[in-house]
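Tertiary structure, described
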Amino acid sequence: MSEPVRILCVFGKLDCGGAETMCMNLYRKINKDRVQFDFVKHSAEKGAYEDEITQLGGRIFEAPKFRFSNFFPYISWWKNHLEAHPEHKVVHGHFFTISKVYFKVAKKMGRVTVGHCHSANFQSSLRASLRRLAYKRTENYCDFCLACSGQSGKFFFPHREVTVVKNGIDADRFSFCEESRNRVRKELGIEKSFVVGVVGSINEVKNPFETLEIFKAVLKREPDAQLLWVGTGPLEEKVKEKVRKSGISDNVIFTGTRSDVNLLLQAMDCYIMPSLMEGLPVALIEAQAASLLCFCSDVITTEADITGLCSFLPLGNRELWAEKILNSKRHERKNEAEKIILSGFDASANAAWFEKFYLEECLKK
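This is a predicted model, so every value here is computed, not measured.

1. Brief notes about the pairing of strand 5 (residues 112-117)
Most of strand 5 sits out of view: six of its six residues are buried. Note that the unit made of strand 4 (residues 88-93), helix 4 (residues 99-108) and strand 5 has a crossover that is right-handed. Of the pairings in the sheet, the one linking strand 5 to strand 6 (residues 144-147) comprises four bridges and is parallel in character. Opposite H116, over in strand 6, you have L146 as the bridge partner.

2. Quick look at the pattern of salt bridges
Under the counting rule described, the total for this entry stands at 23 salt bridges. Between E50 and K41 there is a salt bridge, with the nearest N and O atoms lying 2.8 Å from each other. Among the ionic pairs, E236 bridges to K240, the shortest N-O distance being 3.0 Å. On the criterion of helical spacing, the pair formed by E236 and K240 is a turn pair, its members being four residues apart in helix 10 (residues 236-246). Several salt bridges share partner residues, and in doing so they unite R6, D38, R59 and E87 into one network.

3. Quick notes on the sheet that holds strand 7 (residues 163-164)
Here we have seven strands laid out as an open sheet, ordered 3-2-1-4-5-6-7, and parallel in their pairing. Because the sheet does not close on itself, it has two edges, and the strands there are strand 3 (60-62) and strand 7. In the packing of helix 1 (residues 18-29) onto the sheet, contacts are made with strand 1 (5-10), strand 2 (35-41) and strand 5, and the angle to strand 2 comes to roughly 155°.

4. Structural notes on helix 1
A rise of 1.5 Å per residue sets the reference length of helix 1, with its twelve residues, at 16 Å; its end C-alpha atoms lie 17 Å apart and thus fit the reference within 8%. Residues A19, E20, T21, M22, C23, M24, N25, L26 and Y27 constitute the buried set of helix 1. In the core, the buried residues of helix 1 are packed alongside strand 1, strand 2, helix 2 (50-55), strand 5, helix 12 (282-289) and helix 15 (347-361).

5. Let's talk about the packing of aromatic side chains
As enumerated under the stated definition, the model contains 20 aromatic pairs in all. Here F66 and Y74 contribute two aromatic rings whose centre-to-centre distance is 5.1 Å and whose plane-to-plane angle is 75°, an arrangement assigned as edge-to-face. As far as burial versus exposure is concerned, F66 and Y74 are alike and both buried. Their ring planes at 20° and their centres at 5.1 Å tell us that W78 and Y102 sit as a pair that is stacked. Here W78 is found in helix 3 (residues 71-84), whereas its partner Y102 is found in helix 4, with 24 residues between them in sequence. An aromatic cluster is present here, built from F11, Y27, F37, F39, F144, W353, F354, F357 and Y358 joined pairwise through their rings. For the cation-ring pair, K240 lies above F254, with the distance from its terminal atom to the ring centre recorded as 5.3 Å. The positively charged end of K329 is found above the aromatic ring belonging to F194, 5.7 Å away from the centroid.

6. A closer look at empty space enclosed by the protein
Counted by the stated rule, this structure contains one cavity of 30 Å³ or more. In this structure, the largest cavity occupies an estimated 100 Å³ of space. Taken together, the residues of the lining of the largest cavity break down into eight nonpolar, five polar and one charged.

Here is what the cut-offs are and how they apply
Residues numbered from 1 in each chain as written. Predicted model: local features only at pLDDT ≥ 70, side-chain atom pairs only at ≥ 80, totals over all residues. Heavy atoms only, no water. Buried < 20%, exposed > 50% of the residue type's maximum accessible area, 1.4 Å probe, protein only. Helix = DSSP H or I, 4+ residues; strand = E, 2+ residues; numbered from the N terminus. Right-handed = clockwise from strand over helix to strand, strands pointing away. Pairing = 2+ DSSP bridges. Salt bridge = Lys/Arg side-chain N within 4 Å of Asp/Glu carboxyl O. Contact = heavy atoms within 4.5 Å. Axes fitted to C-alpha atoms, helices over the stretch in contact; angles between N-to-C directions. Expected span 1.5 Å × (residues − 1). Phe/Tyr/Trp six-rings, centres within 6.5 Å; stacked < 30°, edge-to-face > 60°. Lys NZ or Arg CZ within 6 Å of the ring centre and 35° of its normal. 1 Å grid on protein atoms, 1.4 Å probe; cavity = no way out; pocket = protein on both sides within 12 Å on 5 of 7 lines; lining within 4 Å. Points joined across faces, edges and corners; volume = space filled by probe spheres on them. Nonpolar A, V, L, I, M, F, W, Y, C, P; charged D, E, K, R; others polar.

Pasting the structure below:
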């Protein structure tokens, strides 16, 4: 093979979300002499991963943000793109909101379509209802259906055979390191504090205001506790305003988007994820790799507990969350890399599987 096969990965943005992180973990490890990734994004905003993508040899194309009013121009963009890039024989859709639209165009133009879902439910809102309608029958336009968990696959592809592909990480990179922990805590000025951590986009799905309420319940019992919040998102300013109004600004550290999440996890004493919905979150696997006790909402699939470090708690009972969180002070951290790898969440194994999938399954379709 003189040139690598180029897979077109489709996202909304190329920031540090769970699906993007999963894809980048795969991209770093895959044999780029045989398989290379290009990306379509639907935002003019530069994402956190774009420089790295370019360095790895990937190309980034910007599609227009889809609105019903630009339905036909959007379809035209995809037709023009696929005509101009015959090397994009496989379209791997991670951006599922409008996947039915671009998959339909790709199928008509003879491309192989891979639908890959990363969540497992919708919220009960008008916007969510519109998304549910948009997703309906997307499975009809997928040549292959992939999911991050069994629960996610059943939800998005109810009438199709689904392959569950675990979200691989570089386990050694996230493994607990006492030296890194002490250095990062010193840099952040939290050497003597009990640190509750959260990583993820500050958006509605991640339930950030409940995160604050849980932390406030922790503060009642542990006044010197710190909340280390890694990420940005559409609700960031509202959350920061809530922090100010609650009088806890000195106890909350917003780091923004960071490329050293593996080190920030070392600085934490426990990890919380009170999400309203998830598929099988990459961040939760990373937190376990760092040997953190993880406290999650009970809507998250128990498939995510691969180390025995996860507890699944009901939303709303903040005192229960606070009690469990503070009990984590007794937890002794250790290297969890072997458990991560044996559970099938290793990025290198993931990359080998995808290489074979693209070359032996997709291109022979």
